[in-house]
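# Notes for the structure review
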Amino acid sequence: MIISRQLTRLSLAAVLVGLSLAANARSQPEQATADIRRTSFGVPHIRAENERGLGYGIGYAYAQDNLCLLANEITTVNGERSRYFGPDQFTVEERENRVSDVFFSWLNTPKAVDAFWQAQPPEIRQLMDGYVAGYNRALKERRSQGLPQQCQGDWVREITPQDLVKLTRRLLVEGGVGQFAEALAGATPPQATAQTAAPGSFQVADSRMQRFALDRGSNAVAVGSERSFNGRGMLLANPHFPWVGGMRFYQMHLTIPGKLDVMGAALPGLPMINIGFNQHLAWTHTVDSSRHFTLYRLQLDPKDATRYLLDGKSLPMQQQTVTVNVKQPDGQTRAVSHVVYSSQFGPIVQWPGKLDWDRQFAYSLRDANLDNDRVLQQWYAMNRADSLKALQASVHKIQGIPWVNTLAADDQGQTLYMNLSVVPNVNADKLAKCSDPRAGLQMIVLDGSNSACAWDIDPQAAQQGIYAADRLPQLLRKDFVQHANDSAWMANPAQPLTGFSPLISQDSQPLGLRSRFALERLATLSKAGPIAAADLQRMVLDDQVYQATQVMPDLLQFCAAGLGTDAPTLAALCDSLKTWDLRANLDSGVGFVHFQNIMEVLQQLPDVWRVGFDPEDPQHTPRGLAVDHPDVAKALREAMLVSVEQVNQAGLKADSRWGDIQVVSSGGQQTPIHGGPGTLGVYNAIQSVPRTDGKREVVSGTSYLQVVTFDDQGPQAQGLLAFSLSSDPESKYSRDQTLAFSKKQLSVLPFTEQQITADPQYQTLTLREQDEKAGKMAKQ
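So, a few notes on the structure that sits alongside this text. One numbering rule holds for all chains: residues counted from 1, following each sequence as written. Under the rules for a predicted model, residues below a pLDDT of 70 receive no local features and side-chain atom pairs below 80 are neither given nor counted, while totals for whole chains, interfaces and linings still include all residues. With hydrogens and water stripped out, all remaining heavy atoms of the structure feed into the side-chain values.

## Things to note about the overall build of the protein chain
Numbering of helices and strands runs from the N terminus; a helix is a DSSP stretch of H or I covering at least four residues, while a strand is a stretch of E covering at least two. Assigned secondary structure in the protein chain consists of 22 helices and 30 strands. Against the 2.2 N^0.38 benchmark of 28 Å for 780 residues, the protein chain shows a C-alpha radius of gyration of 28 Å, consistent with a compact globule. Buried residues in the protein chain amount to 58% of all 780 residues. Taking the contacts inside the protein chain whose residues are at least 6 apart along the sequence as the reference set, 69% of them involve residues at least 24 apart. For the protein chain, the computed accessible surface area is about 31,600 Å², with 50% contributed by carbon and sulfur atoms. Radius of gyration here uses only the C-alpha atoms, and the compact-globule reference equals 2.2 Å multiplied by the residue count raised to the power 0.38. Partly exposed residues are those whose accessible area sits between 20% and 50% of the maximum for their type, while under 20% is buried and over 50% is exposed, using a 1.4 Å probe and protein chains only. Whether two residues are in contact is decided by their heavy atoms, any of which lying within 4.5 Å being enough. Only the protein chains shown count as cover for residues, with accessible areas throughout obtained via the Shrake-Rupley method and a probe of 1.4 Å.

Encoded structure:
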């Protein structure tokens, strides 16, 4: 009996030790392993057995190509730019460091970051954990070899999963409060002396806000079985995103055998594909025209400008103190505190002349995406979708898309358009009762003194205060759907999408010129026969300036009608317009420059069009220039004279070509870039800014370009990353695709094993985390 008891105790102890060891093993992250196989242009094809291994490979590959970029962005989203670079320097987005730091210290509090992390399912956490481990390994290896020149400093450090959460939260608010960083950081009670944002910074912020849809615009066309050359789906993805900074796409192919096989492009720090394709479907996004935030005008307590009245009751504003470490001239750092005020609707924002905080009113901003912790789950579900129906169902259920539309096509010949982003639940009736109609619909301002003006709650929605998926625009068709940053209205003119809240979509409004170009081109192609992949490529690479087709006859008529004493001055300009090919090609003449200068002025004028907008004919109106109207003629003549002066000052000659003017710089070399302003109807929308030498530097536009078709073997894709894979000017992958884009040469995107291993530039690397622990360097 005694022996029996001893054996029992020993057995029990052994069981407990075993359980303890098993639990401890489960608590330790599994040793990650990943294969990184690179093909032409360095595109990584990353394969692993699980999410942590996949993330490990993604983080390592990304750091090989964009170590400095990610390190810089992580410094930004942690609110540490003033600490390392000083408060008066600027971010890539032209935002003062001190403003950026206050904003991100407010946005990414430990509480908010932890709540986001806790909301992630295990698969997403494993992807992020792996990404962090892979990036940190690459950083350690690169540090031992010597960091690139552009990121030598103590601001470059190992990262954590929380850093990736902060990057994601920055992405989420890009379409909302992220546009109001200066207004948030500069909001102070009346007569308070502190002001974080300098007055001049608001002019830059206003310009940045106006450019938001341009810098992050996009084109998309999905063609279905009724129009495609082989009866299967086709997709053109043409996002227009920044060529630098935290919105710069990265191209990759991700595989977990039996679970995931997807290729496309992702934003920095995201261990999944944002825009891409898999075995059965392809999808893309376009920045939508929906509203993702509303402002609230607060009625202030007459006795205290930091209290506001809600339903007649005086409530105190919440005060959140954020502390930023600021580098001083002597190199030391000093902690500087700033108070961010908030109402129950959100932070107070103050924009001089627009949103003033006086003793009567203040303005609070509520951003729907601040509560969106589903965005990573959403994209991962889309990556794994095995049909168009599954993709649509995932977006209906998760509702994690922040501020973009989704267009998709599948191998069965179906196409899908969805405007299923996160939109405040404010219907037209509430808008009429709670907003000032004089403010218009560009910026929704609701009555913050009445609780009845709060966003409505739909129990069917994935998040309180947003619209449920089944109340948002979506369209499933077998001919085509298209989008170019307008409302949902004309995704397909055969089935207009109407009757939605103005916050979601507005119909009977003028279409953008890129949308009109796309609809016209698709109609022309359909008359000629089935649409082929080359037709979709040419929509972008033709570089047609659509607006020129609408107004050039009137401009040439004005030139021919007699210009009086200005004729000698304007002769060269008129000649250049006559000989211009109406495109934005590298060899297009200086007439394109004059056309841009002229239309930039005329587009701002009322009644400039010969035929005004007709909601019954939105595809063809407005058009023509009313050059017979004295005011238009006067403005046109003045614009022409100014353009001549500008072109002369820039040192341009009669034989100058667009490729001599618009360039992108990398590593001391310049690459000519075709394309032009989307506001002129150039489908290949490229944004460039003037330089002091008369050239223009590309800052955003066509980024990741893909054309996907399907056959019995699966997807057949061509495309490129216009600014190339690496942001390191010393990398061999920093200009190669840019040169291909300049020459209009799309490449096959290797997706199958046969395509990958047969690629002439094929190389492979196997990463094992256990090797890292043993101190072994990865060998290429």
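## Brief notes about the pattern of salt bridges
Every case where a carboxyl oxygen of Asp or Glu lies within 4 Å of a side-chain nitrogen of Lys or Arg is listed as a salt bridge. Inspection of every chain in the model, using the stated rule, returns 30 salt bridges. Between Arg157 and Asp163 there is a salt bridge, and its shortest N-O distance comes to 2.9 Å. Residue Lys634 is joined to Glu638 by a salt bridge in which the shortest nitrogen-to-oxygen separation is 2.9 Å. Of the two residues, Lys634 and Glu638 are both situated in helix H18 (residues 630-649); the distance of 4 residues between them amounts to about one turn of the helix.

## Section: unusual backbone geometry
Thr621 connects to Pro622 through a cis peptide bond whose omega is -5 degrees. Counting through the fold element by element, Pro622 comes out in the loop between strand S21 (609-611) and strand S22 (623-625). Of note in this structure, Glu94 is not a glycine but carries a positive phi near 65 degrees. For Glu94, the position within the fold is in the loop between helix H3 (81-85) and helix H4 (97-107). Residue Glu94 is classed as partly exposed on the basis of its relative accessible area of 43%.

## Focus: the sheet that holds strand S19 (residues 474-477)
Spatially, 10 strands are ordered S19-S17-S16-S8-S7-S6-S5-S2-S1-S30 in an open sheet, and the strand pairing comes out mixed. Since the sheet does not close on itself, it has two edges, and those belong to S19 and strand S30 (763-768), each with one partner. Adjacent strand axes in the sheet meet at a mean angle of 15 degrees, parallel and antiparallel pairs treated alike. Judged from the 7 bridges that link them, strand S5 (residues 250-256) and strand S6 (residues 260-266) form a sheet pairing that is antiparallel. Its bridge partner being in S6, Ile256 is matched across the sheet by Leu260. Its contacts with the sheet place helix H11 (residues 388-398) against strand S8 (281-287), strand S16 (404-410), strand S17 (415-418) and S19, and it is angled at close to 10 degrees to S17. Two strands pair under a simple rule: DSSP has to find at least two bridges between them. For helices, the fitted axis covers only the stretch in contact; all axes are lines through C-alpha atoms, and the angles between them, taken along N-to-C directions, range from 0 to 180 degrees.

## Some details on the packing of helix H16 (residues 567-579) against helix H17 (residues 591-602)
Packing of H16 against H17 brings their axes to within 8 Å, and their N-to-C directions diverge by 105 degrees. Considering their axes alone, H16 and H17 lie roughly perpendicular with respect to each other. From H16, Leu573, Ser576 and Leu577 reach across to H17, where they touch Gly591, His594, Phe595 and Ile598. Under the grouping applied here, Gly and all other residues not named as nonpolar or charged are polar, the nonpolar ones being Ala, Val, Leu, Ile, Met, Phe, Trp, Tyr, Cys and Pro and the charged ones Asp, Glu, Lys and Arg. Partitioning the contact of H16 with H17 into residue classes produces 4 nonpolar, 3 polar and no charged. In these notes the angle categories are as follows: under 35 degrees is roughly parallel, over 145 is roughly antiparallel, 65 to 115 is roughly perpendicular, and the rest is oblique.

## Considerations on the side chain of Gln399
Inspection of the secondary structure assignment puts Gln399 in the loop between H11 and S16. Of the residues examined, Gln399 reaches a relative accessible area of 1% and is grouped as buried.

## As for the pairing of strand S1 (residues 33-38)
Counting buried positions along S1 yields 5 of 6 residues, so the element is predominantly enclosed. What sits between the antiparallel neighbours S1 and strand S2 (residues 44-47) is a turn of 5 residues, in which Phe41 has the positive phi angle 70 degrees.

## Some words on helix H2 (residues 51-77)
Compared with an ideal rise of 1.5 Å per residue, which puts 27 residues at 39 Å, H2 spans 25 Å between its outermost C-alpha atoms and falls more than 12% short. Of all bends in H2, the biggest is about 100 degrees, found at Asn66. Here H2 lies mainly inside the structure; 26 of its 27 residues are buried. At the exit of H2 stands Gly79, carrying a positive phi of roughly 65 degrees. Any helix carries an expected span of 1.5 Å times its number of residues minus one. Here the bend at a residue is taken as the angle between two axes, fitted respectively to the seven residues that end there and the seven that start there.

## So, the packing of aromatic side chains
Between the rings of Phe, Tyr and Trp (Trp by its six-membered ring), a pair exists once the centres lie within 6.5 Å; its type follows the angle of the planes, with under 30 degrees stacked, over 60 edge-to-face, and the other angles tilted. Scanning the entire structure with this criterion turns up 18 aromatic pairs. Measuring from centroid to centroid gives 5.1 Å for Phe103 and Phe104, while their planes differ by 80 degrees, and the two rings are edge-to-face. You'll find Phe103 and Phe104 in the same group, each marked buried. Aromatic pair Phe517 and Tyr546: ring centres 6.4 Å apart, planes at 70 degrees, arrangement edge-to-face. With a gap of 29 residues between them, Phe517 in helix H13 (residues 513-528) and Tyr546 in helix H15 (residues 546-560) connect regions that are remote in the sequence. The two residues Phe517 and Tyr546 agree in class, both being buried. Here the aromatic cluster, defined as three or more aromatic residues joined through ring pairs, consists of Trp580, Phe592, Phe595 and Trp658.

## Structural notes on the environment of Leu281
Considering the arrangement of structural elements, one finds Leu281 in strand S8. Judged by relative accessible area, which is 0%, Leu281 ranks as buried. Excluding residues that lie within four positions of it along the chain, Leu281 makes contacts with Ala385, Asp386, Ser387, Leu388, Leu391, Ala409, Asp410 and Phe710.

## A few points about the state of the cysteines
The definition used for a disulfide is geometric: two cysteine sulfur atoms within 2.5 Å. Enumeration according to the criterion identifies 3 disulfides in this entry. Between the sulfur of Cys68 and that of Cys151 lies a disulfide, 2.1 Å long from S to S. Looking down the S-S bond of the Cys68 and Cys151 bridge, the torsion is -50 degrees, so its handedness is left-handed. Remark: Cys151 occurs in the loop between helix H6 (122-145) and helix H7 (161-172) and Cys68 occurs in helix H2; sequence separation between them is 83 residues. Given the relative accessible area of 10%, Cys68 is considered buried. Among the residues examined, Cys151 registers a relative accessible area of 0% and is labelled buried. Residue pairing for Cys434: its cysteine sulfur links by disulfide to Cys453, the two sulfurs lying 2.1 Å apart. Judged by the sign of its S-S torsion, about -85 degrees, the cystine formed by Cys434 and Cys453 is left-handed.

## A word on the environment of Arg657
With respect to the element layout, Arg657 can be found in the loop between H18 and helix H19 (658-661). Between the C-alpha atom of Arg657 and that of Thr160, which follows or precedes it by 497 residues, the distance is 48 Å. In this structure Arg657 touches Leu586, Asp587, Ser588 and Gly589, once residues within four positions along its chain are discounted.

## With respect to the packing of H13 against H15
At a minimum axis distance of 8 Å, the contact between H13 and H15 shows a crossing angle of 95 degrees. With respect to their mutual orientation, H13 and H15 come out roughly perpendicular. Contacts from Leu513, Arg516, Phe517 and Glu520 of H13 reach H15 at Tyr546, Gln547 and Gln550. The residue makeup of the contact of H13 with H15, split by class, is 3 nonpolar, 2 polar and 2 charged.

## Digging into the side chain of Ser487
Tracing the chain through its elements places Ser487 in the loop between strand S20 (480-483) and H13. Every residue in contact with Ser487, bar those within four places of it in the chain, is listed here: Ser289, Ser505 and Gln506.

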